[in-house]
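Topology and contacts: notes
Given next are the chains, with one letter for each unit.
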Amino acid sequence: MSAAAKPPLRVLLCAPRGFCAGVVRAIDAVERALEIYGPPVYVRHEIVHNKYVVEGLKAKGAIFVEELSEIPATTTAPVIFSAHGVPKSVPAEAAALNFFAIDATCPLVTKVHREATLHNKRGREVVLIGHAGHPEVIGTMGQLPSGAVALVETAEQARVFTPRDPASLAYTTQTTLSIDDTAEIVAILQQRFPAMVSPHKEDICYATTNRQEAVKKVAGEVDAMIVVGAPNSSNSQRLREAAERQGCGLSVLLQRASEIDWEKFGAISTLAVTAGASAPEVLVEEIIDAFAERYAVKVETVHTVQEDVFFPLPRQLRPDIADTSANSAAE
Ligand code: SF4
């Protein structure tokens, strides 16, 4: 199709979008472990929820498993825990198996783990606001003994939740939730249990917050929104919902350009594009390139806030202190 024949398309590129500091750290941890120790490097669960990233690391020698029991008991290779965090039983099992464990849990998830542990030590029941079955929720609940954490997923559940003792209650949240849904759930709980202790600083992380705010800013003025991300990525799903709630008529979560349903995108003149915290920029470019084949695309970046968060690598992988003899103590 010649450029002259293509219909015009204004593309608003949300900023910030894509990789957050926790995801960069987790991917770098696997790459660095491969460099230092050589393949294979075992990774428990998808290091971040993105197939493209996982396939790229597999090609370099990473082996992904869901449970430590899938790893040969005799290995001396590093075993890395994903950015989502793990229940306490996992590092304990790794130590019992004498594995060289490296924890790539995002420090902002670790912060939630610490909060939950502290509340528990102080005798408080912990309400965790989050989605059942997500690995981060499994990891956070698994910091405390069974039954110590009550999971609340919805406003309806918050309205009927019965604590053991309303005077001794605290809440924490999954880091990648909808800001608005969570505010509603917290308001209900606070109204019912005024003594409930809140986190000192929000548990929903800066990256989730910033990406949702960027989507909200543009979603009302575009015909369609594409969120680049995986279906099992919580923060990506929340971005798609945020655009829909803001009145965007077509809000779609896509992993690759090949998934674009061109029938749906036939009559648009404005499109916003963002990416979940685990989606690499190359996939955003791929999708814009696919639109550029059919439309005369004009891209404008819409900035909300500047991000400068950085997390250093796990201790065993830092150049100054890395111990290249495997089996050094797990962090
Ligand atoms: Fe950490 Fe937030 Fe990124 Fe999750 S989305 S890895 S909590 S910075």
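Scroll up a little and you will see the structure.
This section reports on the structure supplied with the text.

What counts, and where the lines are drawn
- Residues numbered from 1 in each chain as written.
- Predicted model: local features only at pLDDT ≥ 70, side-chain atom pairs only at ≥ 80, totals over all residues.
- Heavy atoms only, no water.
- Helix = DSSP H or I, 4+ residues; strand = E, 2+ residues; numbered from the N terminus.
- Rg over C-alpha atoms; globule rule 2.2 N^0.38 Å.
- Buried < 20%, exposed > 50% of the residue type's maximum accessible area, 1.4 Å probe, protein only.
- Contact = heavy atoms within 4.5 Å.
- Areas by Shrake-Rupley, 256 points an atom, 1.4 Å probe, with all protein chains shown as cover.
- Lys, Arg positive; Asp, Glu negative; His and termini not counted.
- Charge placed at Lys NZ, Arg CZ, Asp CG, Glu CD.
- Axes fitted to C-alpha atoms, helices over the stretch in contact; angles between N-to-C directions.
- Parallel < 35°, antiparallel > 145°, perpendicular 65-115°, else oblique.
- Nonpolar A, V, L, I, M, F, W, Y, C, P; charged D, E, K, R; others polar.
- Phe/Tyr/Trp six-rings, centres within 6.5 Å; stacked < 30°, edge-to-face > 60°.
- 1 Å grid on protein atoms, 1.4 Å probe; cavity = no way out; pocket = protein on both sides within 12 Å on 5 of 7 lines; lining within 4 Å.
- Points joined across faces, edges and corners; volume = space filled by probe spheres on them.

Here's the deal with the overall build of the protein
- When its secondary structure is counted, the protein shows 10 helices and 12 strands.
- Over its C-alpha atoms the protein spans a radius of gyration of 21 Å, differing by no more than 12% from the 20 Å that the globule rule assigns to 331 residues.
- Taken along the three principal axes of its C-alpha coordinates, the protein extends 65 × 55 × 30 Å.
- For the protein, buried positions account for 53% of its 331 residues.
- When contacts within the protein are restricted to residue pairs at least 6 apart in sequence, long-range pairs at least 24 apart make up 76% of them.
- For the protein, the exposed surface amounts to about 14600 Å²; the carbon and sulfur share of it is 53%.
- The distance from the centre of the 31 positive side-chain charges to the centre of the 40 negative ones in the protein is 3 Å.

Considering the packing of helix H1 (residues 21-37) against helix H2 (residues 51-60)
- Packing of H1 against H2 brings their axes to within 11 Å, and their N-to-C directions diverge by 5°. One way to sum up the angle between H1 and H2 is to call them roughly parallel. Side by side, H1 and H2 meet where Ile27, Val30, Glu31 and Leu34 of the first sit next to Val53, Leu57 and Lys60 of the second.
- Residue composition of the contact of H1 with H2, grouped by class: 5 nonpolar, no polar and 2 charged.

Some words on the packing of aromatic side chains
- Inspection of every chain in the model, using the stated rule, returns 5 aromatic pairs.
- Judged by centre distance (5.4 Å) and plane angle (85°), the rings of phenylalanine 265 and phenylalanine 291 are edge-to-face. Linking phenylalanine 265 in the loop between strand E10 (250-254) and strand E11 (270-275) with phenylalanine 291 in helix H10 (residues 281-294), this pair joins segments that are 26 residues apart in sequence.
- Residue classification places phenylalanine 291 among the buried positions, given a relative accessible area of 1%.
- Through pairs of rings, three or more aromatic residues link up here, namely Trp262, Phe265, Phe291 and Tyr295.

Looking at empty space enclosed by the protein
- Counting across every chain of the model gives 1 cavity of 30 Å³ or more.
- Taken together, 26 residues make up the lining of the largest cavity; nearest its centre are Cys20, Val23, Thr175, Thr176 and Asn235.
- When contributions to the lining of the largest cavity are tallied by element, the ones reaching two or more residues are H1, helix H4 (107-121), helix H8 (206-219) and helix H9 (234-245).
- Classifying every residue of the lining of the largest cavity gives 14 nonpolar, 11 polar and 1 charged.

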